[in-house]
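# Fold and contact review
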Amino acid sequence: VVIAVGDAGDRLVDALRRQASAMKMGPGLDESVALGPVITRESQERIRRCIGEGIAEGAKPVLDGRKVAAPELAGGFFVGPTILDHAKPEMSIARTEIFGPVLTVIRCQTLDEAIETANRSSYGNCSSLYTSSGPAAREYRRRIATGMCGINVGVPAPMAFFPFAGWKGSFYGDLHGHGRDGVSFYTEQKVEISRWDREALDRF
């Protein structure tokens with residue numbers, strides 16, 4: 001899900017449409033291919049169903065990848081790049097982890113509204129803010145309810161010595177997989193309690 005703030009939305013969606021339209025689809029073993037198939041027919045059908053539900057709920061299809069046809073795609077479970085614009089936070093496409101080449105775009109007027117909208121999600125794995133404003137970055141970093149946040153980076157996945165830290169519905173268990181939590185998971189803890197009483201020791 002992308003949340004576009006203010007008048008950035010039109011420029012962003014136009015740029016995304018041009019880039020996505022130029023993506024080469026085909027077998028994943030072809031190094032020139034940018035977009036391969038999804039893993040199963042069931043996954044393909046589920047993604048197509050999610051796209052259809054989003055459009056039925058009122059999202060605007062800038063690109064609709066449900067029907068892609070080319071000889072090199074025959075026999076594969078392909079879904080083309082899809083961009084659904086002017087979505088609302090309550091729509092299914094904004095609340096579902098689709099796991100397919102589908103981008104949902106929500107429009108907000110202010111950074112405050114964008115942060116509040118993002119924080120309404122039941123998921124909280126990671127998020128990124130693209131900005132040239134230091135104050136906006138500081139406000140976002142402080143208030144966003146995701147375990148990993150990035151400033152001007154596409155995927156804020158940390159190095160192994162930092163925790164891979166999802167929040168809310170994006171986390172299961174009680175420890176994160178990297179960083180000190182990972183060390184704790186593989187560590188057998190021991191507690192020692194000692195008392196050194198000279199008079200008591202002299203009795204032994």
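Residues numbered from 1 in each chain as written. Predicted model: local features only at pLDDT ≥ 70, side-chain atom pairs only at ≥ 80, totals over all residues. Heavy atoms only, no water.

## Things to note about the overall build of the protein
- The secondary structure content of the protein amounts to seven helices and eight strands.
- Counting over 204 residues, the protein shows a buried share of 29%.
- Taking all contacts inside the protein whose residues are at least 6 apart in sequence as the whole, residues at least 24 apart take part in 51%.
- Total accessible area on the protein is roughly 13,800 Å²; 55% of this is exposed by carbon and sulfur atoms. (Helix = DSSP H or I, 4+ residues; strand = E, 2+ residues; numbered from the N terminus. Buried < 20%, exposed > 50% of the residue type's maximum accessible area, 1.4 Å probe, protein only. Contact = heavy atoms within 4.5 Å. Areas by Shrake-Rupley, 256 points an atom, 1.4 Å probe, with all protein chains shown as cover.)

## Some thoughts on the nonpolar core
- In this structure, Ile47 and Ile93 are the most contacted members of the largest nonpolar core, which totals 16 residues.
- When contributions to this core are tallied by element, the ones reaching two or more residues are helix H2 (41–56), strand S3 (82–87), helix H3 (92–95) and strand S4 (102–108).
- Ignoring sequence-local partners within four residues, the contact set of Ile47 consists of Val38, Val79, Ile98, Phe99, Gly100 and Val102.
- One finds Val13, Leu63, Ile83 and Val105 within the second-largest nonpolar core, a separate group that totals six residues. (Core = buried A, V, L, I, M, F, W, Y, C linked by side-chain atoms within 4.5 Å.)

## Side note on the sheet that holds strand S2 (residues 60–63)
- One open sheet holds the four strands; their spatial order is S1-S4-S3-S2, and the pairing between them is mixed. A single partner strand is all that each edge strand has here, and the edge strands are strand S1 (2–5) and S2. Each neighbouring strand pair of the sheet contributes to a mean axis angle of 30 degrees, computed without reference to strand direction.
- Strand contacts of H2: S2, S3 and S4, with the helix running at about 30 degrees to S3, the strand carrying the most contacts. (Pairing = 2+ DSSP bridges. Axes fitted to C-alpha atoms, helices over the stretch in contact; angles between N-to-C directions.)

None of the figures reported here should be taken as evidence of function without further support.
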